[in-house]
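Notes for the structure review
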Amino acid sequence: MSNPGPRTEPGVRANGHLSEKGGSLLRQGRTPQRSGTDLLLYWLPRVTKGLVATVLVLNIVLMLIFVFKGYRVDFHSDAATKNLLAEEIIRTGQLFPRDWYFVNSDIWIVFNHLLIVPLLAFMKNGYAAHALAGCVWSVLILWGTWLFAGLATSSRWAKLASIAVVAGAVSFAGAENVFGQVAYGNIFLLACLIAYTSWRALQATGRACWIFALASAVLIVLTFAGNPQRAIVTYFIPICAAVSVYGAVDLATNGWRLGAPASRAAALLAIIGAAAAVGIGCHLWLLARVLDVSGAGNAQWLPFNAMLGNAGSTLHGLFGILGGIPTPGAGVTSKGGFYEGIRLVVAGVILGLTPLVLGFALRRRASSLQFAGLFAAVSLALFLFLQVTTTIPQMVDPIGSARYLMPPLLMILVLSASAVVSPDFGWLKRSAGAGMLAVLAIGSLGPGNPLSRPLKEPVAEPYAGVVAMLEREGLAYGYASYWNAGVQTVLSNGDVRARAILIAGALPAPMRHLSSKFWYSPQAWSGETFLMLEVHEVAAIDWALMEQYAGPASRQFQFERFSVFVYPHNLASVLPGWVSTVPVIALTEASPRTVGRFEADGNGSRLVAEPGESGYLHFGPYTALASGRYRATFELEVESDSSGELVMVDVASDQGQVTHGSRRLNSIGRHRSEVDFDLAADVDDLEVRVLSHGNARVTLSAISLEERD
């Protein structure tokens, strides 16, 4: 007997879709009869697609409003650096200005400061230029999301859902690092492009194959030319792993005979390796032609106990960047507290699903999904390893330090969207994943997400009053600490230019960090300059010494948390160490040291370290000095009952990593210890140091620098 097949309502096919008859009934204004299940199967996908489209448009609009307007509230000096570097490119006519201080050998090559450069031809160097460049770059980030999502799924709606989630920024940390400051959004974009072009190089034929391989190679060259250390971890190892596994799977499938896919994989690996070598060469060439200083990012291994502590802080950070940390003390049953509870659960679901999503992707042998999953998995594993075991993250702020994990986490979310639309993922996991993605997508409207600001009461801009005050006072050029300098320069459209300083040796000194050497020269400005300081900075300055060099301030006033000192001339022309002349080194209460105390009386000032105090009695002042031949003289008195080395004096630069000359003192009594040294090139952070070994009473009464024949 033949199988009559399933029974259906008139006008409805067995698969739940409308038949031609059903369509005809609808066109006649009549609805075919259906069961509740049929109606659910018919309308649920359509409603879901409508919601995805609505949230996608909403999030893109909110993202652009945030970049163009809302981010002014969070804008800071790190973000302002793009504008400042763009201006220096125009001033010097050099794509990589020779007098710009890059940090940790990180040379900016592929970044959105390049979009600001042409904008300055017809607009001021202000926040509007920053926002326009940011909007363009944000759209590129969403385009990169689409390309990476295309590796994970063929479903157009899953790809659109991925874009909706990324455009919603996930959390405050996501909005800041992906679309505001853009730094980690840029890393995510480049990772997506490298994965996409590499996969296409493996799959395309003829001329297209070589075009995609060349595109991948160019991206590798650019990333390595900018920062080889970051490129190795972020791009090189993940893409090599993905390509290698692709080739290995083909070899295993074909009985370890070399077929076309494996041959292509081997060729692409060779191209990527050669591109990395070229990029490293370009990096070394560029590094020799720009200024570079060390910063906080130099990695060192942690003790094992500290690694365990970092593991807990990393988990804290992961929950934070996923928006899953409730406000301490907030009511659990309040509207905001209930929402934060949901986000806490969602963050836990994301972290719980991550290994399941990656496992699902990795089981799809020789597929683009496996390729994308391998790239994301290796990237996440590497960053988690470095996050836990090294000094790269500053764990005093676990959420801020977790920004390094933002790019691989965004990839995981894209892979999650592809898993949700696959029946093979299992209905329970699909349901949990869909719910998680839905909460993240509409999280752009949540109270902790800055994208929702257009729907709330306006928030005051922290620096608006300060900028207006400086403009009212007619002040156009001056100096402030790093976080109070660049931000004001950009928010004032360049009408007020504040340059970053620090307090070293009880006097203001240039902060040579993402700044230009030109800013601290007398030629940069002629006329009145201001010094804007917070309370702790005012206390750190020796004002008597300051007056000896700069004279008295012509006026002084208080505004909000700042004390503003106005001088009739450019401070760069009178303060020691700002230009490459031999500086005077004064011993004061604020002299940098790790041990000892300051004393002063009618016979002068001195620094004293007692027995048992082991460390630097003096270091700094991180001053500029031109190439040449010099002598550093240390006036010391050493009292001890011990034998052996008691004190060491030296001259160093490059954050203490380069020693230009040293002398060891093994005897007691008064010493006039001279250290002759030569500088083959200008330095910007010269230190004169006195190291007490803790087995003597050491009195330092004077340090002087002089040129020698």
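Relevant structure appears above.
Here we summarise the structure given alongside this text. Residue positions are given per chain, counting from 1 as you read along its sequence in written order. Since the coordinates come from a predicted model, pLDDT governs what is reported: local features require at least 70, and pairs of side-chain atoms require 80 or more to be given and counted, while whole-chain, interface and lining totals use all residues. Where side-chain values are given, they derive from all heavy atoms of the structure, hydrogens and water being excluded.

So, the overall build of the protein
When helices and strands are tallied, the protein shows 21 helices and 18 strands. Projected onto the principal axes, the alpha-carbon positions of the protein cover approximately 120 × 65 × 50 Å. Between buried and exposed lies partly exposed: a residue is buried under 20% and exposed over 50% of the maximum accessible area for its type, with that area taken using a 1.4 Å probe on protein chains only. Here the protein, with 709 residues, has 52% of them falling under the buried criterion. Here, two residues are considered to be in contact whenever any of their heavy atoms come within 4.5 Å of each other. Sequence-distant contacts, at least 24 apart, represent 73% of the contacts inside the protein between residues at least 6 apart. Roughly 30900 Å² of accessible area belongs to the protein as shown, and the carbon and sulfur atoms make up 60% of that amount. Measuring between centres, the 51 positive side-chain charges of the protein sit 20 Å from its 48 negative side-chain charges. We count a stretch as a helix when DSSP gives it H or I for four or more residues in a row; a strand needs E for two or more, and each element gets its number in order from the N terminus. For accessible areas, the Shrake-Rupley method is used with a probe of radius 1.4 Å. Any residue's cover is judged against the shown protein chains and nothing else. Positive charges come from Lys and Arg alone, negative charges from Asp and Glu alone, with His and the N- and C-terminal ends not counted. Charge coordinates come from a single atom per side chain, which is NZ of Lys, CZ of Arg, CG of Asp or CD of Glu.

A few points about empty space enclosed by the protein
Buriedness for pockets is judged along seven lines, at least five of which must meet protein on both sides within 12 Å for an open set on the 1 Å grid over protein atoms alone, while cavities are sets there where a 1.4 Å probe fits but cannot get out, and lining residues have an atom within 4 Å of a point. Grid points are joined across faces, edges and corners, and a volume is the space filled by probe spheres set on the points. Applying the stated rule across the entire model yields 2 cavities of 30 Å³ or more. Taken as a whole, the second largest cavity spans an internal volume of roughly 80 Å³. Every residue lining the second largest cavity is counted, 13 residues in all, and those nearest its centre are Leu84, Tyr482, Gly486, Ala500 and Leu514. Going through the elements one at a time, helix 3 (77–92) and strand 4 (497–504) are the ones with two or more residues in the lining of the second largest cavity. Polarity classes work like this: nonpolar for Ala, Val, Leu, Ile, Met, Phe, Trp, Tyr, Cys and Pro, charged for Asp, Glu, Lys and Arg, and polar for all others, with Gly in that last group. Looking at the lining of the second largest cavity, its residues break down into 7 nonpolar, 5 polar and 1 charged.

So, the side chain of Thr699
Within the secondary structure, Thr699 is located in strand 18 (residues 697–707). In contact with Thr699, other than residues within four places in its own chain, are Arg606, Leu607, Val608, Glu635, Leu636 and Glu637.

Details of the pairing of strand 9 (residues 597–601)
With 5 bridges connecting them, strand 9 and strand 10 (residues 604–609) associate as antiparallel partners. For Glu599, the partnering residue across the bridge sits in strand 10 and is Arg606. Only strands that DSSP links by at least two bridges are regarded as paired with each other. Between the antiparallel neighbours strand 9 and strand 10 lie 2 residues.

Concerning the side chain of Thr81
Tracing the backbone shows Thr81 in helix 3. In this structure Thr81 comes out as buried when scored by relative accessible area, which is 1%. Excluding anything up to four places from it in sequence, Thr81 contacts Trp100, Trp108, Tyr482 and Leu514.

Observations concerning helix 14 (residues 368–389)
Helix length check: helix 14, at 22 residues, gives a terminal C-alpha distance of 32 Å against a target of 32 Å (1.5 Å per residue), a fit within 8%. Most of helix 14 is tucked away: 16 of the 22 residues are buried. Given a helix with a known number of residues, its expected span is that number minus one, times 1.5 Å.

Some details on the environment of Gly359
One can find Gly359 in helix 13 (residues 335–362). Linking Gly359 and Leu374, residues 15 residues apart in sequence, is a C-alpha distance of 9.6 Å.

Let's talk about a nonpolar patch on the surface
Patch membership is restricted to residues that have no salt bridge and whose relative accessible area is over 30%. Joining uses 9 Å for like charges and 5 Å for the nonpolar side chains Val, Leu, Ile, Met, Phe, Trp and Tyr. Just to be clear on terms, a salt bridge is a Lys or Arg side-chain nitrogen sitting within 4 Å of an Asp or Glu carboxyl oxygen. Together, Val57, Val61 and Ile65 make up a nonpolar patch on the protein surface, roughly 230 Å² of accessible area in all. For Ile65, a relative accessible area of 33% translates into the label partly exposed.

Considerations on the pairing of strand 6 (residues 529–533)
Among the 5 residues in strand 6, 5 count as buried, and that is most of the element. As defined by bridge partners, strand 3 (residues 477–481) adjoins strand 6 across 3 bridges and the pair is classed as parallel. Paired with Gly478 across the bridge in strand 6 is Phe530. Relative to strand 8 (residues 562–567), strand 6 is paired through 5 bridges, and the arrangement is antiparallel. Residue pairing across strands places Met532 opposite Val564, the latter belonging to strand 8.

Overview of the state of the cysteines
When two cysteine sulfur atoms lie within 2.5 Å, the pair is treated as a disulfide. All told, the structure shown has 0 disulfides when counted by the stated rule. Free cysteine: Cys192, not disulfide-bonded; nearest cysteine sulfur from Cys240 at 18 Å. As a non-bridged cysteine, Cys209 has Cys240 as the owner of its nearest cysteine sulfur, 17 Å distant.

As for the sheet that holds strand 18
With respect to topology, 5 strands assemble into an open sheet ordered 9-10-18-13-16, the strand pairing being antiparallel. The sheet terminates laterally at strand 9 and strand 16 (669–679), the two strands that pair on one side only. Here the strands of the sheet are splayed against their neighbours by 30 degrees on average, with no regard to which way each runs. In this sheet, strand 18 lies alongside strand 10 in antiparallel orientation, the contact comprising 3 bridges. Along strand 18, the bridge assignment pairs Val608 with Thr699. Throughout, an axis means a line fitted to C-alpha atoms (over the contacting stretch in the case of helices), and angles, computed between N-to-C directions, take values from 0 to 180 degrees.

A short note on the sheet that holds strand 5 (residues 507–510)
Read from one edge of the open sheet, 6 strands run 5-4-3-6-8-7, paired in mixed fashion. Every other strand in the sheet has two partners, leaving strand 5 and strand 7 (555–559) as the edge strands with one partner each. Between one strand and the next, the sheet's axes are offset by a mean angle of 35 degrees, whatever the strand orientation.

Some details on the pattern of salt bridges
According to the stated counting rule, one finds 29 salt bridges in the structure shown. In this structure, Arg453 engages Asp74 in a salt bridge whose closest nitrogen and oxygen atoms are separated by 2.6 Å. With Arg453 in the loop between helix 17 (427–442) and helix 18 (464–472) and Asp74 in the loop between helix 2 (36–68) and helix 3, this pair connects stretches of sequence that are 379 residues apart. Where Asp106 meets Arg230, a salt bridge forms, and the shortest distance between an N and an O atom there is 3.1 Å.

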